[in-house]
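Results of the structural survey
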Amino acid sequence: MTTRTRFAPSPTGYMHVGGMRTALFAWLIARQSNGKFILRIEDTDQKREVSGSVEHIYKCLRWLDLIPDEGPDDFGGKFGPYKQSERLDIYQKYAQKLIDAGRAYADPYTPEQLDAFREEAKAHKKPFLYRDYRPENPPAWDGSQPLRFRSEPKPYTWHDEVMGEMHAGPEVIDDFILVKSDGFPTYNFAHIVDDAEMEITHVIRGQEFLASTPKYLNLYDALDITWPIFASVPPIMNEQGNKKLSKRDGAKDILAYREEGYLPDAMLNFLASLGWNDGTEQEVFTRDELIEKFSLKRVQKSGARFDEKRLLWLNGAHIRNIPVDKLYEYVSPQGDNPQKDRGQTGFWPESAYAPNITKEYRMKVLALAQDRLKMFEDLRGFGYFFAEPEVNLELIDGNKQLKKLSDSERRELLETARAELAKLAGWTPESIQNYLNELLEITGQKPGILFSLIRIAVTWAPFSPQLNDTLALIGRERTLARLQSYLDMKLA
Ligand code: GLU
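Counting restarts for each chain: residues are numbered from 1 in the order of the written sequence. Per-residue local features of the predicted model are confined to residues with pLDDT of at least 70, and side-chain atom pairs are confined, for both listing and counting, to 80 or more; whole-chain, interface and lining totals are unaffected and use all residues. Calculated side-chain values reflect all of the structure's heavy atoms, with hydrogen atoms and water omitted.

Observations regarding the environment of Leu178
Secondary structure counts use DSSP, requiring at least four H or I residues in a row for a helix and at least two E residues in a row for a strand, with both numbered from the N terminus. Relative to the elements of secondary structure, Leu178 occurs in strand E7 (residues 177-179). As a C-alpha pair, Leu178 and Gln46 span 132 residues in sequence and 16 Å in three-dimensional space. Only heavy atoms matter for contacts: two residues are in contact if any of them lie within 4.5 Å across the pair. Apart from the residues lying within four places of it in its own chain, the contact partners of Leu178 are Leu98, Ala104, Leu147, Arg148, Phe149, Pro185, Thr186, Phe189 and Leu219.

Remarks on the packing of helix H14 (residues 407-423) against helix H15 (residues 429-443)
Closest axis-to-axis distance for the H14/H15 pair is 11 Å, and the angle between their directions is 135°. Relative to H15, the element H14 lies oblique. The hand of the H14/H15 crossing is right-handed. Each of Leu413, Thr416, Ala417, Glu420 and Leu421 in H14 lies in contact with H15, whose residues at this interface are Tyr435, Leu439, Ile442 and Thr443. Counted by class, the contact of H14 with H15 contains six nonpolar, two polar and one charged residues. Here an angle of 0 to 180 degrees is reported between the N-to-C directions of two axes, which are lines fitted to C-alpha atoms, with helices fitted over the stretch in contact. An angle below 35 degrees is treated as roughly parallel, one above 145 as roughly antiparallel, one from 65 to 115 as roughly perpendicular, and anything else as oblique. By the definition used in this description, the sense in which the near helix is turned from the far one sets the handedness, with an anticlockwise turn below a right angle giving left-handed and a clockwise turn giving right-handed. Think of it as three bins: nonpolar holds Ala, Val, Leu, Ile, Met, Phe, Trp, Tyr, Cys and Pro, charged holds Asp, Glu, Lys and Arg, and polar takes everything else, Gly as well.

Here we look at the site of the ligand
Being near a molecule or strand, for a residue, comes down to having at least one heavy atom within 4 Å of it. In the region of the ligand, the neighbouring residues are Arg6, Ala8, Pro9, Ser10, Glu42, Tyr187, Arg205 and Phe209. Note that an oxygen atom of the ligand is positioned 2.7 Å from one of the side-chain N or O atoms of Arg6. We define a polar contact as two N or O atoms separated by no more than 3.5 Å, with the added condition that, inside protein, one atom must be a possible hydrogen donor and the other a possible acceptor, whereas residues neighbouring each other in sequence contribute only through side-chain atom pairs. A distance of 2.8 Å separates a nitrogen atom of the ligand from a polar backbone atom of Ala8. For the ligand, whose accessible area on its own is 300 Å², the fraction buried by protein is 79%. Classifying every residue of the shell around the ligand by side-chain character gives four nonpolar, one polar and three charged. Per-residue accessibility takes into account occlusion by the displayed protein chains alone, with areas from the Shrake-Rupley method and a 1.4 Å probe.

Quick notes on the sheet that holds strand E4 (residues 147-149)
Two strands are said to pair when DSSP picks up at least two bridges between them. Strand order in the open sheet formed by three strands is E3-E4-E7, with antiparallel pairing between adjacent strands. Edge positions in the open sheet fall to strand E3 (104-106) and E7, since each of these has one partner strand only. On average, adjacent strands in this sheet sit at an angle of 40° to one another, irrespective of strand direction.

A short note on the packing of helix H3 (residues 88-100) against helix H5 (residues 187-197)
The contact between H3 and H5 brings their axes to 10 Å, and the two run at 105°. Taken together, the axis directions place H3 and H5 in an arrangement best described as roughly perpendicular. Between H3 and H5, the residues in contact are Ile90, Tyr91, Tyr94, Ala95 and Leu98 and Phe189, Ala190, Val193, Asp194 and Glu197, respectively. Residues belonging to the contact of H3 with H5 are distributed by class as follows: eight nonpolar, no polar and two charged.

A word on a nonpolar patch on the surface
Exposure above 30% relative accessible area and the lack of any salt bridge qualify a residue for a patch; like charges then connect within 9 Å, and the nonpolar side chains Val, Leu, Ile, Met, Phe, Trp and Tyr within 5 Å. Salt bridge, as applied in this entry: a Lys or Arg side-chain nitrogen positioned within 4 Å of an Asp or Glu carboxyl oxygen. Side chains of Val391, Leu393 and Leu491 sit close together on the surface and give an oily, nonpolar patch of about 210 Å² of accessible area. One can find Leu491 in the segment after helix H18 (476-488). Take Leu491: its relative accessible area is 33%, and that puts it in the partly exposed class. Residue burial is assigned from relative accessible area. The probe radius is 1.4 Å, only protein chains are included, and a residue is buried under 20% of its type maximum, exposed over 50%, and partly exposed in between.

Set out below in C-alpha cells:
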C-alpha cells in the first residue's frame, strides 16, 4: 500500500513552528517511503478563518520546499477537493449513513438545557457525559440542530508510533457533535471522513489530539473504517521547558525567519530536531539525510524545547556548507532567491550596490563572509568592503587590550604598520600574512593587540574575516588611506 501522509492546517493566519514541524514529519515519512504528501485545508471553523491564510500556508511550504503531491488549487490530485469547505456534500453523505444506522441523532437541546445537565452532573459529583442525556425521541434532523454521534462506549487499546501502546476505558467515550447547526462538520468528524476518503495511511499530528483518540476510534468503528497509523508528536515548549511555547516566548511566524535570513535547510534541520534525533551525536543534517534517517519511533514523547540560539547556530553551519554562488543567490535581490521581496539590495548593505561595485567583487566579499554569517542579515556588517567605514572609537575604548595603550602608542604602532605596508612588494593574502608576522617581531607586540588595532583602524567593525584576507580584498590603496586617516585623526 502506498504511504499517504497529510498536513491539515486550519487557515487561521499564522504558521507556527509546531505546525510546520508536523508538516515536515509528514513530508519526511512520505518521501522516505516513496509515498504521497497531501495538503488539506481544514476550514470548517469559519469564525477562526483569517483571509489570506491559505496563500500564507502555500508560501511557508514553498519556502521550505515541502511541496505537497496533492492539495488545493494548483497542487491538484484525484482525491479533491482538498479544502473542507468544498466537501460538505461528502460529510452529508457520511452523516446520513450514520443516521440510517442509528448512530447519529439530532441534538434537541438548547445551550441552557445543556448547562442545566452539566450542573446536575456536578451536583451528583459525576463527570458530565452527553450520552447520559440522550433524548428518547430525537427530532428528525433538519440541519438546524447539531448532529451528534451516538457512541458505543467500550475500552480501547491502540498503538501510537510515538507514544507506544495506549489504553483508554469506556468512560472517555461520549457522544460528540458531528455537524454543527451552521451546517459545517466538526474537526472530529471531518478529519476522519477525509482521511478515509483520501486514503491517508499515517495520521501525524500534535499530542493535543491524543485524549480524543478513543472517541475517534469509536467513530472509525461505527463507519467501518480501518484505523490509520497514529503518531502523536510532542508539544514545543519554551526555552526553559516549563510551558508550551507561545508568541510571548518569542515564537514567530515561520516566514519571519525567512525575512531575517535563515536558510530553508537550516530551518528544516531545526524543526526536525524539535523532538527527534537519530541516536548519534550528529546535529547538522541535510535534507537528504533527514529523509534517510528520520523515524517516528525515535520521536520523543516529552515536550521539545525551543531554543532559537540553536537555530542560529544551525543556520551558520548550513550557510558554511553551501556553495558560495548558491549563497549569493539567497542574499541578493535577484535570482533564484526566496528573499526576493527584500528590496533593492537584498541582504547586502546599500553600498554593495554602488555603481562602481561589480558582482565579482561582491562574490569575493561573500566568500570571505561565508564562514562568519549566522544569518543573512549579518551581511550588513560587511559594509567596510564597499564604502568608507564610520569611525567608532568605542571599539578601541571598549577593547580590554587596546585601551591599555596610550593614544601615542597606538599611533606609533599604526605608523610603523603603514610605513611597512607601503613598501610591501605583492598584495596577496600570503604576502600580507608574511608581512604581519614580521611586524609582530618588529614591534614586539602580541597579535591580540597589533592585529586588532589594524583591523579596527581599517574596518571600524567589531569582527572581520581573517586580517590578511580582509586587507587583501580591501586593497593596498584603501588600506593605506584608512590607516592614514587614523593617524590624521585629531583626538580630544
Ligand atoms: N486542523 C487541525 C489543526 O490545525 C489539524 C489536526 C490534524 O492534523 O489532524 O490543528
